[in-house]
Amino acid sequence: MYTITLADGTAVEFAGLNGTNYIVKGASPLDTSIFTDENLASGTVTDEDGVETPFTNWSFIQQQKQLNGDYYICFRQKSEEELDAEAKAARETEVQEALVELYELLLGGDE
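Note that the structure is a prediction, hence the values are computed from the model and not measured.

What counts as what
Residues numbered from 1 in each chain as written. Predicted model: local features only at pLDDT ≥ 70, side-chain atom pairs only at ≥ 80, totals over all residues. Heavy atoms only, no water. Pairing = 2+ DSSP bridges. Helix = DSSP H or I, 4+ residues; strand = E, 2+ residues; numbered from the N terminus. Salt bridge = Lys/Arg side-chain N within 4 Å of Asp/Glu carboxyl O. Buried < 20%, exposed > 50% of the residue type's maximum accessible area, 1.4 Å probe, protein only. Polar contact = N/O pair within 3.5 Å; in protein donor to acceptor, adjacent residues only side chain to side chain. Axes fitted to C-alpha atoms, helices over the stretch in contact; angles between N-to-C directions.

Peer 1: Looking at this structure, how should I read the pairing of strand β5 (residues 42-46)?
Peer 2: Consecutive side chains of a regular strand alternate in pointing toward one face of the sheet and then the other. Pairing between strand β1 (residues 2-5) and β5: three bridges, direction antiparallel. Bridging across to β5, T3 finds its partner in T46.

Structure, rendered in structure tokens:
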């Protein structure tokens, strides 16, 4: 049994690991909406021996149904280029929001 604990404290249990794919047994897929960038920014993986390994900046790739009815869930580590692009986009958004506030003040808009 493997457990991934996400940044918000949500713990997701998996039946096992096949390469880099976490295995979900049964006929129902996981609700993958929990695998947001915020939730995958940090967390831990606990393996079948109880060893905890921290992770940071993961990205959800896919959930794939196998012929035997199990589901495989796959994640990957974000690259430095992706992290840099996300940080740049966040800074640009902050600047744009500040400009909007400034324009509203200059034009006498509501505060």
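Now that the structure has been shown, the text picks up again.
Peer 1: Would you take a moment to explain the pattern of salt bridges for this structure?
Peer 2: A full pass over the atoms with the stated rule returns four salt bridges. Residues D37 and K78 are paired through a salt bridge, measuring 3.3 Å at the closest nitrogen-oxygen approach. With D37 in the loop between β4 (21-24) and β5 and K78 in the loop between β8 (71-77) and α1 (80-106), the pair connects residues that are 41 residues apart, well separated along the chain. Taking the relative accessible area as the measure of exposure, K78 reaches 9% and is therefore buried.

Peer 1: What exactly am I supposed to notice about unusual backbone geometry here?
Peer 2: For residues other than glycine, phi is negative in most cases, and the peptide bonds are mostly trans. Located in the positive-phi region is N57, a residue other than glycine, with phi close to 55°. With respect to the element layout, N57 can be found in the loop between β6 (52-56) and β7 (58-65).

Peer 1: Help me understand the environment of S33, please; the structure alone is not making it clear to me.
Peer 2: The topology assignment puts S33 in the loop between β4 and β5. Within the local environment of S33, its side chain forms a polar contact with the side chain of D31, the two groups lying 2.7 Å apart.

Peer 1: Explain the sheet that holds β6 here, please?
Peer 2: Within a sheet, adjacent strands bond to each other through the backbone by hydrogen bonds, running parallel or antiparallel. Judged by pairing direction, the sheet is antiparallel, and its four strands sit side by side in the order β2-β1-β5-β6 without closing on themselves. In the strand order of this sheet, the two ends are held by β2 (11-14) and β6, each with one partner. In this sheet, neighbouring strand axes are inclined to one another by 20° on average, regardless of whether the strands run parallel or antiparallel. Here four bridges tie β1 to β2, and the two strands are oriented antiparallel to one another. Counterpart to T5 in the pairing with β2 is A11.

Peer 1: When you look at the side chain of D70 in this model, what are you seeing that I'm missing?
Peer 2: Along the chain, the position of D70 falls in the loop between β7 and β8. On the basis of relative accessibility, which here comes to 7%, the residue D70 falls in the buried class. Separated by 3.1 Å, the side chains of D70 and K25 make a polar contact.

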